[in-house]
Amino acid sequence: MNRNVQRLAPLALFLAAVFGCSTPPDEQPLTRVAFGSCAFQWTEQPILRAVAATGPDIYLSLGDAIYADYDGEQTFDVTPESLRAEWRKLADHPDWQHLVGHIPVIDGTWDNHDYGHHGAGAEFPLKEASKEIFLDFFGEAEDSERRRREGIYDAAIHGPAGRRVQVILLDTRTFKSPPVLAERPTGARGSLGKFAPNDDPDANLLGEAQWTWLAEQLRLPAELRLIASSGQVVADEKGMDEWGNYPRERRRLFELIAETGATGVVILSGNAHFAEISATDEGPYRIFDITSSGLTHVNAIYAQAPNPYRVAGPFADLNFGLVEIDWTAKPCTRITLKAITDDGSQGFTHCVSLDSLK
């Protein structure tokens, strides 16, 4: 996971200079991780100033940081030149510049619109060009492993032993098989989406190389693991872009968490155009999925879609997600999951004991 030195606080810049690298040593544990998704790059984004005001250690963009294939009225095909131009609009945006000037670490993954096409997956002809542009925007080092492998998935562990937070960024577009369209406009399961479950044994969401890498990551020691996905993992009945459209891949994730003995997993997701928290007992312990969307626009109709896993929300105002980690809480570390509005108020909050995530 990249940390662009130009975005680091003065102390981090000093440490980077002393140690001769762009990634200063992680001596302090993370206490706040913010994330968000779905933003029109041509509009004002005051919510990014609200993100900065919470003082997170890290901000994660979970997809659709730009709408490269949509101008607010119609969709269109992108080119490498148009992709780069739309990312430049965000880079030059005063609210984005305020964000990167106040948060030490910024990184992310993509969803369909910043990948380059609203329905694109593994077949997208510009995926390599889009990857280069995406990683350039986030300041990825030219010699990084992330640039050498297919896709943009990545991970890093922050903090000292006993207070380690592993951040895993999944790529749900590069290897994605075509979805199955629902037989009726409202969705095959009565939801608001247009997709039905694709139960083909050969259907991919992550792809084998990413699955192998993910297994390796989950075996690394960490107390808390934040798995970031552009689409919802636990909620599976909306028929939108979500893991429920690939039920075999969804089950495989929960089975892999059990197989690797990975404790402390919390899922962060976006895309839905509203916020909620879902939880399931399908894994080795209760797994929570906090969804935050969107930064510039929401859809109250989407929030009405069924979700039997919901434990908080739905919240259909502008929002970003915040994970607060209280390492000193007694009798054990407390994880607080929040949806925060553009004026800094809370849409919802939900507390989880770290000891329960094992």
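The structure this text deals with has already been given above.
Residues numbered from 1 in each chain as written. Predicted model: local features only at pLDDT ≥ 70, side-chain atom pairs only at ≥ 80, totals over all residues. Heavy atoms only, no water.

Two aromatic rings, taken as a pair, are described by how far apart their centres are and by the angle between their planes. Inspection of the entire model under this criterion finds 17 aromatic pairs. Aromatic pair W87 and F137: ring centres 4.6 Å apart, planes at 40 degrees, arrangement tilted. On the criterion of sequence distance, the pair formed by W87 in helix α3 (residues 80-91) and F137 in helix α6 (residues 127-137) is long-range, its members being 50 residues apart. Each member of the pair, W87 as well as F137, is classed as buried. (Phe/Tyr/Trp six-rings, centres within 6.5 Å; stacked < 30°, edge-to-face > 60°. Helix = DSSP H or I, 4+ residues; strand = E, 2+ residues; numbered from the N terminus. Buried < 20%, exposed > 50% of the residue type's maximum accessible area, 1.4 Å probe, protein only.)

Helix length check: α3, at 12 residues, gives a terminal C-alpha distance of 16 Å against a target of 16 Å (1.5 Å per residue), a fit within 8%. Listing the buried residues of α3 in full gives L83, E86, W87, L90 and A91. Projection of α3 onto a plane perpendicular to its axis shows the buried side chains occupying an angular sector of 150 degrees, all on one side. On its buried face, α3 is in contact with α4 (94-100), α5 (112-115) and α6. (Expected span 1.5 Å × (residues − 1). Arc of directions from axis to C-beta. Contact = heavy atoms within 4.5 Å.)

Summarising burial for strand β9 (residues 265-269): 5 of the 5 residues are buried, a large majority. What you see with β9 is no split at all: V265, I267 and S269 on one side and V266 and L268 on the other are buried throughout. Summarising the sheet, strand β8 (residues 224-229) and β9 pair through 5 bridges and their orientation is parallel. Opposite S229, over in β9, you have S269 as the bridge partner. In terms of handedness, the path from β8 via helix α9 (residues 247-260) over to β9 forms a crossover that is right-handed. Where β9 lies against strand β11 (residues 287-291), 4 bridges are found, and the strand directions are parallel. Its bridge partner lying in β11, V266 is registered against F288. (Pairing = 2+ DSSP bridges. Right-handed = clockwise from strand over helix to strand, strands pointing away.)

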